[in-house]
Structures are given as structure tokens and as C-alpha cells.
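Residues per chain are reported as follows:
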Amino acid sequence: MQRAFFLSFVVVATLSLPSWGYADDTLVVYSGRAERLIQPALDAFQAESGIRVQMLTADSTALINRLRMEGARTPADVLITNDAGTLERARELQLLQPTAIPDLEETIPSRFRAPDNSWIGLSGRIWVIVYNTTMVNPGDISSILDLANPGWKGKIAIPSAGSIYLQTGVSVIRALKGDEITAGFLRGLKDNARAFVYGKNRQIVAAVARGEVAAGLVNHYYINRHLAKHPSAPIAPLLTDQGDQDMGVVLNAAGAGITAHTKRLTQARALIRFLISPKGQRTFADVNKEYPLNSHVKAAPELLPLQSFQVASVPLSRLAQLRDLTMTVIEDVGLR
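Residues numbered from 1 in each chain as written. Predicted model: local features only at pLDDT ≥ 70, side-chain atom pairs only at ≥ 80, totals over all residues. Heavy atoms only, no water.

A.B. asks: Whenever I open this one, the packing of aromatic side chains confuses me. Can you help?
C.D. replies: Where two aromatic rings form a pair, the distance of their centres and the angle of their planes describe that pair. Inspection of every chain in the model, using the stated rule, returns 3 aromatic pairs. When the centroid spacing of 4.7 Å and the interplanar angle of 25 degrees are considered together, the rings of Tyr-221 and Tyr-222 count as stacked. Each member of the pair, Tyr-221 as well as Tyr-222, carries the same accessibility label: buried. Residues Tyr-291 and Phe-309 carry aromatic rings whose centres are separated by 6.0 Å and whose planes lie at 65 degrees to one another, so their mutual orientation is edge-to-face. You can see Tyr-291 sitting in strand S11 (residues 291–292) and its partner Phe-309 sitting in the loop between S11 and helix H13 (319–333), a full 18 residues away along the chain. (Phe/Tyr/Trp six-rings, centres within 6.5 Å; stacked < 30°, edge-to-face > 60°. Buried < 20%, exposed > 50% of the residue type's maximum accessible area, 1.4 Å probe, protein only. Helix = DSSP H or I, 4+ residues; strand = E, 2+ residues; numbered from the N terminus.)

In C-alpha cells form, the structure reads like this:
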């Protein structure tokens with residue numbers, strides 16, 4: 001199903017993305033990340049290296065289909081996405097090449113890399129519950145699955161079915177809890193959220209902050225970004241599933257890979273090496289409030305250290321394989 005899902009976007013990708021001219025000395029990045037989340041790091045690399053960078057930003061699925069259509073004619077040198085599963089799909093489609101970078105094994109732990117290093121994690125985010133501190137006692141929630149209980153009817157906001165973050169979270173739950181529990185969880189979310197289904201994490205955080213709902217499911221850094229603008233907002237993150245027998249929180253990674261047909265391999269390697277260096281990682285940590293994946297770089301002080309909480313044990317390299325049936329389960333439940 002997932003392969004068909006990618007093919008369904010071929011025409012969209014071809015028609016909606018502009019055809020730009022690229023100078024021979026310009027490193028071309030296809031980015032599935034929002035420009036505000038990746039541009040500061042690219043600017044820092046350009047300033048330090050003197051290598052010009054041009055970025056094309058679009059939906060990650062559309063970019064993968066564009067790479068498939070362009071083949072050896074692609075101008076793209078590096079693919080960046082907000083999801084390890086999407087990068088793994090690109091690897092399966094032979095759109096990326098193994099990346100040889102000095103000290104890579106000592107810099108980025110193996111769980112944040114493809115087995116052949118054709119994609120490398122850059123920053124991590126955890127799927128958490130954002131709750132309104134005036135409406136929710138955090139002690140009443142121990143698991144993310146609790147949000148499917150009938151007592152939350154009309155009180156939660158959730159991502160839409162097209163959200164890569166929802167798909168990743170459901171894939172992890174499926175892998176650890178099975179399809180029956182997962183389908184029941186999704187049915188409960190659908191019933192409880194009602195009309196509070198959003199395409200953007202920031203919309204969920206804002207709804208919780210306004211008290212329209214008591215809680216929601218988001219990536220952690222959207223909470224930090226909201227609080228940076230509205231310090232008095234009555235919201236806080238809740239990390240769930242932390243008991244000895246619990247599954248741990250869902251962690252996903254944004255990452256990058258060098259395209260199979262790059263004409264600027266040396267420059268592409270230089271960009272990847274910069275992005276995983278302490279200076280590049282600090283951009284993700286300080287500007288975005290994401291978790292740096294370089295084991296020698298600490299997270300922003302307002303975040304709990306990544307090593308201090310339990311993370312679900314599903315390898316990121318399995319996310320692409322899991323997503324096929326995950327999409328079927330989501331569609332069968334009727335999430336929109």
C-alpha cells in the first residue's frame with residue numbers, strides 16, 4: 001500500500017514543484033522540513049564552508065517521487081526529511097548512497113542511522129501529550145493509550161491521518177502492542193477528538209493553550225516554541241509510558257542522505273559532516289529545541305536529557321516497513 005501511496009503523488013510532485021536552474025558550484029538540497037527549521041543550519045554551513053546552498057522545500061513524499069522521476073538527471077545532492085521512515089523508503093528505492101564520513105560511528109549512534117549509512121539522523125523529537133495545566137492532573141495519565149478512554153470525549157485534539165507523526169506513533173504502537181489494541185486506540189482517539197483534528201502540531205498546542213481542549217498529541221518542540229512566544233500559557237509536556245512494563249515514548253528523527261546521482265559528492269559529504277558536528281547540532285538544539293543526536297552534544301537546558309527517559313524500542317529503520325499496514329489500520333478506523 002505504501003508503494004502505491006508514493007506513486008499516487010508522482011503527478012502532483014511533477015506539477016507542483018518548480019523547475020529551477022542550478023549553478024554548477026551550488027549544492028542543491030531537497031528538504032521535506034519546514035524552511036524555518038533547517039535554513040539556520042544551512043546558513044551556518046554556507047558561512048563556514050563558503051559552499052553555496054540552494055534549497056527546494058516541499059512534502060517529503062513529493063520530493064521522493066521527484067527524485068524517482070528525475071533519475072540520473074536530478075540536480076539534488078542531499079535529501080533532508082522530517083521522518084526516518086521516509087528516508088528508509090528512499091534508501092529502499094535506491095535514491096540514496098552510503099555515506100562515508102570520518103568518525104561517523106563515534107558521532108551518531110547506530111540506532112539513528114541506516115544500516116549502510118545511506119541516511120543519518122540529525123535531530124530527534126518525542127511524541128508527547130501537551131496538557132492544559134488548569135484542566136488536567138498529569139498524575140491521571142500514565143500511558144498515551146489513556147487518551148482513548150471515554151472520559152476524554154470532547155477533551156483532546158489529535159493530528160490528522162496525513163500527519164507523518166501520527167503515522168509514526170501508530171506504527172510504533174502496532175509493533176509493540178499489536179493491531180487489535182492499536183485499532184481500539186485509534187477508534188477511541190477519533191471518538192474523543194470529534195472535530196478537534198488538525199493538520200499542524202502548532203494548532204493542537206494553541207487549542208490546548210486556549211482551553212478549547214484539555215490535552216493533545218504533538219512533537220515536544222512545538223510546546224517549547226509556543227512557550228517562547230507566550231511564557232504564561234498554561235501548557236506543559238507529559239512523557240508517558242515510563243513504567244518497567246511500558247513501551248516508552250515514541251521517538252522519531254529528522255535526517256539526511258546523499259542522493260545516488262549527486263554530481264557534488266565532496267560538497268554533499270561536507271554538509272552532512274557539518275550537520276552532525278557540534279556546531280550544526282547546536283542549531284537544532286538551541287533554535288529548534290530538538291534533541292541533538294550527536295552523543296557529545298547536550299539538549300537545550302529546558303529539555304530532559306534524552307538518556308533520562310525510556311524510549312520505545314522499535315528501530316527507526318523499521319518505520320518504512322511498518323507504515324504500509326499502519327496506513328491500512330488508520331484508514332479502516334476512518335480517521336480523517
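A.B. asks: What exactly am I supposed to notice about empty space enclosed by the protein here?
C.D. replies: Over the atoms, a rolling probe the size of a water molecule traces out where space has been left empty. With the rule as written, the count across this model stands at 2 cavities of 30 Å³ or more. A volume near 40 Å³ is recorded for the largest cavity. Looking at the largest cavity, the residues that line it are Arg-125, Trp-127, Tyr-165, Thr-168, Gly-169, Asn-219, Val-250, Leu-251 and Asn-252. Where the lining of the largest cavity is concerned, the elements lending two or more residues are strand S5 (120–132), helix H7 (164–177) and strand S10 (250–259). Partitioned by chemical class, the residues of the lining of the largest cavity number 4 nonpolar, 4 polar and 1 charged. Taken as a whole, the second largest cavity spans an internal volume of roughly 30 Å³. Taken together, Leu-67, Thr-74, Leu-95, Thr-259, Ala-260 and His-261 make up the lining of the second largest cavity. Residue composition of the lining of the second largest cavity, by class: 3 nonpolar, 3 polar and no charged. (1 Å grid on protein atoms, 1.4 Å probe; cavity = no way out; pocket = protein on both sides within 12 Å on 5 of 7 lines; lining within 4 Å. Points joined across faces, edges and corners; volume = space filled by probe spheres on them. Nonpolar A, V, L, I, M, F, W, Y, C, P; charged D, E, K, R; others polar.)

A.B. asks: I'm lost on the side chain of Thr-326 in this one. Help?
C.D. replies: You can see Thr-326 is positioned in helix H13. The exposure class assigned to Thr-326 is buried, which follows from its relative accessible area of 0%. In this view, Thr-326 contacts Gln-167, Val-170, Ser-171 and Arg-174; residues no more than four positions away in its chain are not counted. (Contact = heavy atoms within 4.5 Å.)

A.B. asks: Got a minute to help me understand helix H9 (residues 201–209) in this structure?
C.D. replies: In an α-helix, one turn spans 3.6 residues, which is why side chains three or four residues apart end up on the same side. The buried fraction of H9 amounts to 7 of the 9 residues, a majority that puts the element mostly inside the structure. Residues of H9 that are buried: Asn-201, Ile-204, Val-205, Ala-206, Ala-207, Val-208 and Ala-209. Just beyond H9, the residue with positive phi is Gly-211, at close to 80 degrees.

A.B. asks: How should I be thinking about the layout of surface pockets in this particular structure?
C.D. replies: Taken as a whole, the second largest pocket encloses approximately 260 Å³ of empty space. The residue inventory of the lining of the second largest pocket, partitioned by class, reads 10 nonpolar, 4 polar and 2 charged.

A.B. asks: Mind showing me how you'd approach the pattern of salt bridges here?
C.D. replies: As enumerated under the stated definition, the model contains 14 salt bridges in all. In this structure, the salt-bridge partner of Arg-66 is Glu-70, at a minimum N-O distance of 2.8 Å. Here the residue Arg-66 and the residue Glu-70 both occupy positions in helix H4 (residues 60–70), the gap between them amounting to 4 residues, near one helical turn. Residue Arg-66 is classed as buried on the basis of its relative accessible area, which comes to 9%. (Salt bridge = Lys/Arg side-chain N within 4 Å of Asp/Glu carboxyl O.)

A.B. asks: Just checking my understanding: could you explain the domain arrangement of the protein chain for this structure?
C.D. replies: Here the protein chain is described as being made up of domain 1 (24–124 + 252–305) and domain 2 (125–250 + 321–333). One C-alpha centre belongs to domain 1, the other to domain 2, and the line joining them spans 27 Å. A combined buried area of about 1,400 Å² lies between domain 1 and domain 2, and 44% of that area is made up of carbon and sulfur atoms. Looking at the side of domain 1 facing domain 2, the largest losses of area belong to Arg-36, Asn-82 and Asn-252, adding up to 33% of the total buried there. Asp-324 is the partner of Arg-89 in a salt bridge, and the nearest nitrogen-oxygen pair spans 2.8 Å. Taken together, domain 1 and domain 2 are joined by 9 residue pairs in polar contact (both at pLDDT 80 or more). (Domains from an automatic or database assignment. Buried area = accessible area lost by both parts, 1.4 Å probe. Polar contact = N/O pair within 3.5 Å; in protein donor to acceptor, adjacent residues only side chain to side chain.)

A.B. asks: What is the right way to read H13 from this model?
C.D. replies: For H13, which comprises 15 residues, the first-to-last C-alpha distance of 20 Å matches the rise-based estimate of 21 Å (1.5 Å per residue) to within 8%. Along H13, the largest kink reaches about 30 degrees and is centred on Leu-325. Leu-319, Ala-320, Leu-322, Arg-323, Thr-326, Met-327, Val-329, Ile-330 and Val-333 are the residues of H13 that are buried. A positive backbone phi angle near 90 degrees is found at Gly-334, which sits one or two residues after H13. (Expected span 1.5 Å × (residues − 1). Bend = angle between axes of the 7 residues up to and from the residue.)

A.B. asks: Explanation requested: the packing of H7 against helix H8 (residues 179–193) in the structure shown.
C.D. replies: When two helices pack together, their arrangement is given by the angle between the helix axes and by the axis-to-axis distance. Packing of H7 against H8 leaves a shortest axis separation of 7 Å and a crossing angle of 140 degrees. In terms of orientation, H7 and H8 fall into the oblique class. Contact with H7, carried on its side by Val-170, Ile-173, Arg-174 and Lys-177, involves Asp-179, Ile-181, Thr-182, Phe-185 and Leu-186 of H8 and no other residues of that element. Looking at side-chain class alone, the contact of H7 with H8 contains 5 nonpolar, 1 polar and 3 charged residues. (Axes fitted to C-alpha atoms, helices over the stretch in contact; angles between N-to-C directions. Parallel < 35°, antiparallel > 145°, perpendicular 65-115°, else oblique.)

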